[in-house]
Amino acid sequence: MAVAAAAASARTFIRQLCLLTMFSRTVGVAEVRIGALVPIFRASTGQKDTSGVRRFSSFYMAVSEINNKSDGVDDWLLPNTRLSFALRDSKRDDSAAFFGALALTREVFSGEGCSAIVGAASSGPSEAAAVVASRLQTPQISYSSTSPLLSDGLAYPYFLRTCPSDAFQARAIVDVRLHSNFVRLGCSAVLTACSPPAA
């Protein structure tokens, strides 16, 4: 069940990426070059990031399904287009994501760079990659970065995401409190790039 949900989620963000890429930069091009910025190892520990590996597996499966035009799955999607991808490890680290995005936009595909970036998984690394993506006018789509800071269209004009901002989580907590008549409600918060001060 979890694998099917992950595959459906991966297909959804690949579809969105393809549509974004198709309309913004590559109309009529036979190949769409995707840069995947995914945490495979954690910079802090050097250990494998199992969540990132699962996400990359879903990404790979979705790309394979879209490229396979004879299996009856998404054969209508970009019928004359092939998706190619290059992978860089974001390591859930801002610096690794910044340099990974730089490599994806300038060095991969024989120096042509990618048409769009998928990732990173965490908000801090996504913000770092978005600096590069915005500067080089490369669309970036994140599948799990939730920082409200990334909603700033002026700071990150080429960034979009498939998940809602953390700002909506706070609103949901308030709504639950108001509609459930709770007498007490406890919340905790940490001040990081992913959780700026509440207004």
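Refer to the structure presented above.
No experiment lies behind these values; they were computed from the predicted model shown.

*Asks:* Tell me what's going on with the packing of helix α3 (residues 94-106) against helix α4 (residues 123-135), and back it up with residues and numbers.
*Replies:* In a packed pair of helices, the relevant descriptors are the angle between the two axes and the axis-to-axis distance. Packing of α3 against α4 leaves a shortest axis separation of 8 Å and a crossing angle of 35°. In the crossing of α3 with α4, the sense of the turn from one axis to the other is right-handed. Contacts between α3 and α4 involve Asp-94, Ala-97, Phe-98, Ala-101, Leu-102 and Thr-105 from the former and Gly-124, Pro-125, Ala-128, Ala-129, Val-131 and Val-132 from the latter. Of the residues contributing to the contact of α3 with α4, the split by class is 9 nonpolar, 2 polar and 1 charged.

*Asks:* Before we move on, can you summarise helix α2 (residues 50-67) with the specific residues and values?
*Replies:* One turn of an α-helix holds 3.6 residues; hence residues three or four places apart share an orientation. For α2, built from 18 residues, the straight-helix expectation of 26 Å at 1.5 Å per residue is met to within 8% by its first-to-last C-alpha distance of 26 Å. Sitting at the head of α2, Asp-49 places a side-chain oxygen 3.2 Å from the backbone nitrogen of Ser-51.

*Asks:* Could you give an account of the environment of Ser-180, with specific residues and numbers?
*Replies:* Here Ser-180 is to be found in helix α5 (residues 166-180). For Ser-180, a relative accessible area of 37% puts it in the partly exposed group. Among the polar contacts made by the side chain of Ser-180, one reaches the main-chain carbonyl oxygen of Val-176 at a distance of 2.8 Å.

Calculation rules
- Residues numbered from 1 in each chain as written.
- Predicted model: local features only at pLDDT ≥ 70, side-chain atom pairs only at ≥ 80, totals over all residues.
- Heavy atoms only, no water.
- Axes fitted to C-alpha atoms, helices over the stretch in contact; angles between N-to-C directions.
- Helix = DSSP H or I, 4+ residues; strand = E, 2+ residues; numbered from the N terminus.
- Left-handed = near helix turned anticlockwise from the far one by under 90°.
- Contact = heavy atoms within 4.5 Å.
- Nonpolar A, V, L, I, M, F, W, Y, C, P; charged D, E, K, R; others polar.
- Expected span 1.5 Å × (residues − 1).
- Polar contact = N/O pair within 3.5 Å; in protein donor to acceptor, adjacent residues only side chain to side chain.
- Buried < 20%, exposed > 50% of the residue type's maximum accessible area, 1.4 Å probe, protein only.

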